[in-house]
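Structural features, examined
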Amino acid sequence: TLLMKFIGVPSAWSSKKQGSFPVRGKATYRLRIVTNGIQGTYAIRLYDFFTASKVWFDGRLIYSTGKTGYNKKTSVPEFAYRDVPVFIDKDVPEHELVVQISNFHHTRSGIVKPVKFGTYEHLTRQSRNWLIIILLVVGIIIFISINHLINYFLYKNESTHLFFGLLCLVMILRNISTGQRIITY
């Protein structure tokens, strides 16, 4: 059945404040961007859409993840995080961003983080700086993990070193598989 309703973004369409729609389903979002005569290369930051998506800017497909579908068999999930460049012409005062999402594989649905719009240089610099911070944290945790695992092998009666070293490895896996999902690079 086709149900049309305006919902707020960012928020899962299955949240109580949106009317508690079922988690499994599909949605189309539309955003008008008024540019007031600016021109240049800008970017749209697209965080995780749960779980497959297609994004159009002024009627042109600029980004897709997975394969959108009408049910679990016809859709393919994929998680990705991108800054997508778009060109803004000063003669076009208004642009349209359309996002189509289908979710049949995840417990969260829709656009749960804000879609950001800015200059391409600014957004990519932010992404690069955030990536550097994440890699620095991962490096520190790797060092701590290796230190505790070496201590465990040197002093066999201290099992706390083993457990903390393994916990650090789990933390590394979490850090590289969430957020910007460094594991996908």
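So, here is what we can say about the structure in this document. (Residues numbered from 1 in each chain as written. Predicted model: local features only at pLDDT ≥ 70, side-chain atom pairs only at ≥ 80, totals over all residues. Heavy atoms only, no water.)

1. Notes on the sheet that holds strand β2 (residues 40-46)
Sheet architecture is open: three strands sit in the order β6-β2-β9, paired in antiparallel fashion. With partners counted over all chains shown, the strands left at the sheet margins are β6 (82-88) and β9 (116-119), one partner each. The sheet shows a mean angle of 30° between the axes of neighbouring strands, direction not considered. The sheet contact formed by β2 and β9 spans four bridges and is antiparallel. Bridge pairing in β9 places Arg45 opposite Lys116. Contacts from helix α1 (residues 120-154) reach β2, β6 and β9, with the element oriented near 40° to β2. (Pairing = 2+ DSSP bridges. Helix = DSSP H or I, 4+ residues; strand = E, 2+ residues; numbered from the N terminus. Axes fitted to C-alpha atoms, helices over the stretch in contact; angles between N-to-C directions. Contact = heavy atoms within 4.5 Å.)

2. Comments concerning the pairing of strand β4 (residues 52-57)
Sheet topology note: the β4/strand β7 (residues 94-103) ladder contains six bridges and is antiparallel. By the bridge assignment for β7, Val55 is matched with Val99. Examined bridge by bridge, β4 and strand β5 (residues 60-65) share five bridges and lie antiparallel to one another. By the bridge assignment, Lys54 is partnered in β5 with Ser64. Hairpin connection from β4 to β5: two residues lie between these consecutive antiparallel strands, with Asp58 at a positive phi of about 55°.

3. So, the sheet that holds strand β1 (residues 25-34)
Strands sit in the order β1-β7-β4-β5 across an open sheet of four strands; the sheet is antiparallel. Whereas interior strands pair on both sides, the edge strands pair on one side only; in this sheet they are β1 and β5. If you compare each strand with its neighbour and ignore which way they point, the axes differ by 15° on average. Sheet topology places β1 next to β7; ten bridges connect them, and they run antiparallel.

4. Re the packing of α1 against helix α2 (residues 159-177)
Interaxial distance between α1 and α2 falls to 8 Å at its minimum, and their mutual angle equals 160°. Put simply, α1 runs roughly antiparallel to α2. Once α1 is placed against α2, the crossing between them reads as left-handed. When α1 is examined against α2, the residues Ile134, Val137, Val138, Ile141, Ile142, Ile144, Ser145, His148, Leu149, Asn151 and Tyr152 are found in contact with a partner set consisting of Ser159, His161, Leu162, Phe164, Gly165, Leu166, Cys168, Leu169, Met171, Ile172, Asn175 and Ile176. (Parallel < 35°, antiparallel > 145°, perpendicular 65-115°, else oblique. Left-handed = near helix turned anticlockwise from the far one by under 90°.)

5. Some details on unusual backbone geometry
When glycine is set aside, most residues are seen to have a negative phi, and most peptide bonds are trans. Non-glycine residue Asp58 carries a positive phi angle of around 55°. Considering the arrangement of structural elements, one finds Asp58 in the loop between β4 and β5. Under the relative-accessibility criterion, Asp58 is labelled partly exposed at 40%. (Buried < 20%, exposed > 50% of the residue type's maximum accessible area, 1.4 Å probe, protein only.)

6. Focus: the nonpolar core
Within the largest apolar cluster, 20 residues are counted, with the highest numbers of intra-cluster contacts made by Val55, Phe57 and Val99. Sorting the residues of this core by element identifies β1, β2, β4, β5, β6 and β7 as the ones contributing at least two each. Apart from residues lying up to four places away in sequence, Val55 is in contact with Leu46, Phe49, Arg60, Leu61, Ile62, Tyr63, Leu97, Val98 and Val99. Counting residues in hydrophobic clusters, the runner-up holds six residues, among them Ile134, Val138, Cys168 and Ile172. (Core = buried A, V, L, I, M, F, W, Y, C linked by side-chain atoms within 4.5 Å.)

7. Looking at α1
Spanning 35 residues, α1 covers 51 Å between terminal C-alpha atoms, matching the ideal 51 Å at 1.5 Å per step. Listing the buried residues of α1 in full gives Leu123, Ser127, Ile134, Val138, Ile141, Ser145, His148, Leu149, Asn151 and Tyr152. Tucked inside the fold, the buried residues of α1 contact β2, β6, β9 and α2. (Expected span 1.5 Å × (residues − 1).)

8. Remarks on the packing of aromatic side chains
In the structure shown here, the tally under the stated rule is two aromatic pairs. Measuring from ring centre to ring centre gives 5.5 Å for Tyr42 and Phe117, while their planes differ by 10°; the resulting arrangement is stacked. Taken as a pair, Tyr42 in strand β2 and Phe117 in strand β9 lie far apart in primary sequence, 75 residues in all. Taking 5.4 Å as the distance between ring centres and 65° as the angle between the ring planes, the aromatic pair formed by Tyr152 and Phe153 counts as edge-to-face. (Phe/Tyr/Trp six-rings, centres within 6.5 Å; stacked < 30°, edge-to-face > 60°.)

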